[in-house]
Every structure is written in C-alpha cells, then in structure tokens.
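One-letter residues, chain by chain:
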2 protein chains.
Amino acid sequence: MLRVAIDQARLGAREGGIPIGAALFAADGTVLGAGRNRRIQHDDPSVHGETDAFRAAGRQRDYRSTTMVTTLSPCWYCSGLVRQFGIGAVIVGENVTFDGGHEWLREHGVEVTVLRNQECIDLMADFIEREPLVWNEDIGR
Amino acid sequence: MLRVAIDQARLGAREGGIPIGAALFAADGTVLGAGRNRRIQHDDPSVHGETDAFRAAGRQRDYRSTTMVTTLSPCWYCSGLVRQFGIGAVIVGENVTFDGGHEWLREHGVEVTVLRNQECIDLMADFIEREPLVWNEDIGR
C-alpha cells in the first residue's frame, strides 16, 4: 500500500513539487483514490497529498473501513480531514522529517501505524534541504 | 465581514448546494478569498466553505494576521486547516446547527468569535431539514 503513495511522491518530485504522496484504500485493498502534494504544480496551497487522494476518491458513503496511506505524518489539516470523515486507519511512511497529528488521531480512535521507511525519509530530507522556504510555506511556518 | 460569507452561502444555496460560505480576510479588511461548500456542485467532498476560501486566496506567505470568517462552526477538517496554517482569528456565524472544532482552536491560540446569527442558522436548519442525508455525508456521519 505504501508503494502506491511513494509512487505518487516520486511523481510529484519529477513535476518539481513537494514529494508527499497518499492513497485512500477500500477494505479489500482497492485504491479508491491516489494523490500528491501539488502546492507548486497548481500554485494551490490546499492540495496536500492526503486531501488530493481524498478528492480523487470522490464521494464515499462511509469512510470507516477505509485506510489512508501517506508517505509523511499528516499535518493538522490532513489529520482533521481523517477525523471528520471517520477514516478508520492511517498508515504513515515516516514521522522523522515532520511530526503531525497522528497521535491525536490515535487518541480519537483511528488505527494508526507509523513506519520508518527510508525511501520516504530520503525524499523529504532531500527536498527540505533544497527548498526549505517552500517546505515551511507548506506547513504554515 | 460575515456578510461576505453569507452571500457565498446564499450563492451556494441557489446552486443547489450546502449553504455554508466563508472568506479569508487580510488585516486591513481586504478579502483575500471567498468560497462556499461545493460538495454537490462539483461532486467533490473536499470543497468545504473554508477550504474553498483558503484555496481562492492563493499562496500567502503568512496567515497569522488573517481572519477566516465562516457562516458555520468549522468541522475538524477546516479547523485543522486553520491550525496548520496559523490563521490568527476565526469568526463563526453560528454553532447551533453544528458544533465543530472552534473551541480546540481557541485552546491553541486562535482568536475565536462565535456569533448567533439568525440568517446563518435559518440557512442551515432549512437545508438539514430538506436534505439530512447530504448533510450527514458532508460531516462524515
């Protein structure tokens, strides 16, 4: 499942964007929607990896059985999305380069798995080193 | 300021959408962006009033001095947006028909003003009575 999100992050990197990817999966493992951060590509600060994947999935009647997989710990914006729509589980590729709201989600009943995937870490660490201002803008700093 | 948001909500209602509007203001009162819930119009669950206004405002370097005005108490998704990007103040038209994350925002340093505007209440109460399923879908219930 993380491979789908990483492929999105790599695609974003090739487009010159922030390398964060995500995908929303149904209980049977079907990809409902995949997306990536496109702040730079679309000049749009509202398109984070998770919100793009959520949007790509279209209108779903129930999110409880879905899983959001993201290459990076979800920021408050994306954590709020998960909580509001009752997404049942979140898989996080890494929380080394950025630590968002996944513990808060766990406290509110979301099944959270945090990995320490080196590919995800390298993608973000390289980007932050090259483009610190763009990254700070993306997280409102 | 609330008038700008209410006008967006009324426009949304005329389009057949969920009547929630919002606008992001600069410190000098300039409207940076205005928007409305367009789940129905765009068949897109990611377009809430606040996220639409945020998107319309484009990339801003700093949100601390901005104010988000919304006709309805912000859900967790929109509250997360406000917290992540450090929007300094939120003005809420009403929290009678839905009570979201504005108290959490206040705890985290956002200046929150909650009004009890009858026009905002009537817009939502009428919509919820007519379209309870669409409304429940919008808040993940």
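Reading the values: the criteria
- Residues numbered from 1 in each chain as written.
- Chains lettered and ligands numbered in written order.
- Predicted model: local features only at pLDDT ≥ 70, side-chain atom pairs only at ≥ 80, totals over all residues.
- Heavy atoms only, no water.
- Pairing = 2+ DSSP bridges.
- Helix = DSSP H or I, 4+ residues; strand = E, 2+ residues; numbered from the N terminus.
- Axes fitted to C-alpha atoms, helices over the stretch in contact; angles between N-to-C directions.
- Contact = heavy atoms within 4.5 Å.
- Buried area = accessible area lost by both parts, 1.4 Å probe.
- Salt bridge = Lys/Arg side-chain N within 4 Å of Asp/Glu carboxyl O.
- Polar contact = N/O pair within 3.5 Å; in protein donor to acceptor, adjacent residues only side chain to side chain.
- Nonpolar A, V, L, I, M, F, W, Y, C, P; charged D, E, K, R; others polar.
- Right-handed = clockwise from strand over helix to strand, strands pointing away.
- UniProt positions renumbered as here; feature names shortened; annotations may be inferred.
- Buried < 20%, exposed > 50% of the residue type's maximum accessible area, 1.4 Å probe, protein only.
- Least-squares fit on C-alpha atoms with pLDDT ≥ 70 in both.
- Core = buried A, V, L, I, M, F, W, Y, C linked by side-chain atoms within 4.5 Å.

In the annotation of an unreviewed UniProt entry, the entry for chain A reads Nucleoside deaminase, and the organism field reads Rhodococcus sovatensis.

Undergrad: For this particular structure, what's the right way to read the sheet that holds strand β5 (residues 111-114) of chain B?
TA: Picture the strands of a sheet paired through backbone hydrogen bonds; they go either parallel or antiparallel. Residue and element names in this part refer to chain B. Strand order in the open sheet formed by five strands is β2-β1-β3-β4-β5, and the pairing between neighbours is mixed. Because the sheet does not close on itself, it has two edges, and the strands there are β2 (31-36) and β5. Strand-to-strand, the axes of this sheet are offset by a mean angle of 15°, without reference to chain direction. Summarising the sheet, strand β1 (residues 21-25) and β2 pair through five bridges and their orientation is antiparallel. Each bridged residue has a counterpart across the sheet, and for F25 the counterpart in β2 is V31. Here helix α1 (residues 2-14) sits on the sheet in contact with β1, β2 and β3 (67-70), set at roughly 145° to β1.

Undergrad: Just checking my understanding: could you explain the interface of chain B and chain A for this structure?
TA: With 32 residues of chain B at the interface, the matching set in chain A holds 32 residues. Contact between chain B and chain A buries roughly 3000 Å² in total, counting both sides, with carbon and sulfur atoms accounting for 53%. Per-residue buried area on chain B facing chain A is highest for R59(B), W76(B) and Q84(B); these three make up 27% of the total on that side. At the junction of chain B with chain A, the criterion picks out six salt bridges. Where chain B touches chain A, the interface holds 14 residue pairs in polar contact (both at pLDDT 80 or more). Listed by contribution, the elements that provide at least two residues to the side of chain B that touches chain A are α2 (39-42), α3 (49-56), α4 (76-85) and α7 (132-138) of chain B. Among the elements that line the side of chain B that touches chain A, the one with the most residues is α4(B), at seven residues. A per-class count over the side of chain B that touches chain A returns 13 nonpolar, nine polar and ten charged.

Undergrad: How do you make sense of the packing of α3(B) against α4(B) when you look at a structure like this?
TA: Angle between the axes and distance between the axes are the two parameters that describe a pair of packed helices. Residue and element names in this part refer to chain B. Taken N-terminus to C-terminus, the directions of α3 and α4 make an angle of 35°; their axes are 8 Å apart at the nearest point. Only Y77, C78, L81 and F85 of α4 make contact with α3, whose side of the interface consists of E50, T51 and F54. Among the residues making up the contact of α3 with α4, the classes are represented as five nonpolar, one polar and one charged.

Undergrad: Mind showing me how you'd approach the pairing of β5(B) here?
TA: In summary, the side chains of a regular strand alternate between the two faces of the sheet. Residue and element names in this part refer to chain B. Sheet topology note: the strand β4 (residues 89-92)/β5 ladder contains four bridges and is parallel. Bridge pairing in β5 places V90 opposite V112. This β-α-β element, β4 to helix α5 (residues 102-107) to β5, shows right-handed connectivity.

Undergrad: Help me out: how do you make sense of the UniProt feature "domain: CMP/dCMP-type deaminase" (unreviewed entry) in chain A in this one?
TA: Residues given the UniProt feature "domain: CMP/dCMP-type deaminase" (unreviewed entry) here are residues 1-112 of chain A. From the first C-alpha to the last, residues 1-112 of chain A spans 14 Å; its make-up is 37% helix and 19% strand.

Undergrad: Would you mind showing me how to read the environment of R130(B) here?
TA: All names here are of chain B. Assignment of secondary structure puts R130 in helix α6 (residues 118-130). Exposure remark for R130: the relative accessible area of 58% places this residue in the exposed category. In this structure the C-alpha to C-alpha distance between R130 and A34, which are 96 residues apart in sequence, comes to 26 Å.

Undergrad: It is not clear to me how the pattern of salt bridges should be interpreted in this structure. Could you clarify?
TA: Opposite charge on two side chains permits them to pair, given that their charged atoms come into close proximity. Residues and elements named next belong to chain A. Scanning all chains against the criterion turns up 22 salt bridges over all chains. R3 is the salt-bridge partner of D7, the closest N and O atoms lying 3.4 Å from each other. Taken together, the residues span about one helical turn, with D7 and R3 both in helix α1 (residues 2-14) at a distance of four residues. For R3, a relative accessible area of 42% gives the class partly exposed.

Undergrad: Explanation requested: the relation of the copies chain B and chain A in the structure shown.
TA: For the pair of chain copies, the relating transformation is a rotation about an axis with a translation along it. Once turned by 180° and shifted 0.0 Å along the axis, chain B lies on chain A with an RMSD of 0.0 Å. Here the two chains are linked by the operation of a two-fold rotation axis. The rotation axis passes nearest to the C-alpha of G80(B) in chain B, at a distance of 2.4 Å. A shared interface surface links the copies, since 100% of the contact residues of chain B are contact residues in chain A too.

Undergrad: Please explain the nonpolar core as it appears in this structure.
TA: Judged by nonpolar contacts, the single largest core of 60 residues is most densely connected at M68(A), W135(A), M68(B) and W135(B). The residues touching W135(B), leaving out its near neighbours within four places in the chain, are I18(B), I20(B), L72(B), F98(B), M124(B), F127(B) and I128(B).

Undergrad: Can you help me understand the sheet that holds strand β5 (residues 111-114) of chain A in this one?
TA: All names here are of chain A. In spatial order, the strands read β2-β1-β3-β4-β5; together these five strands make up an open sheet with mixed pairing. In the strand order of this sheet, the two ends are held by β2 (31-36) and β5, each with one partner. Here the strands of the sheet are splayed against their neighbours by 15° on average, with no regard to which way each runs. Strand direction decides the pairing type here: strand β1 (residues 21-25) and strand β3 (residues 67-70), joined by four bridges, are antiparallel. Counterpart to A22 in the pairing with β3 is T70. Strand contacts of α1: β1, β2 and β3, with the helix running at about 145° to β1, the strand carrying the most contacts. The strands touched by helix α3 (residues 49-56) are β1, β2 and β3; relative to β2, the strand with the most contacts, the crossing angle is about 145°.

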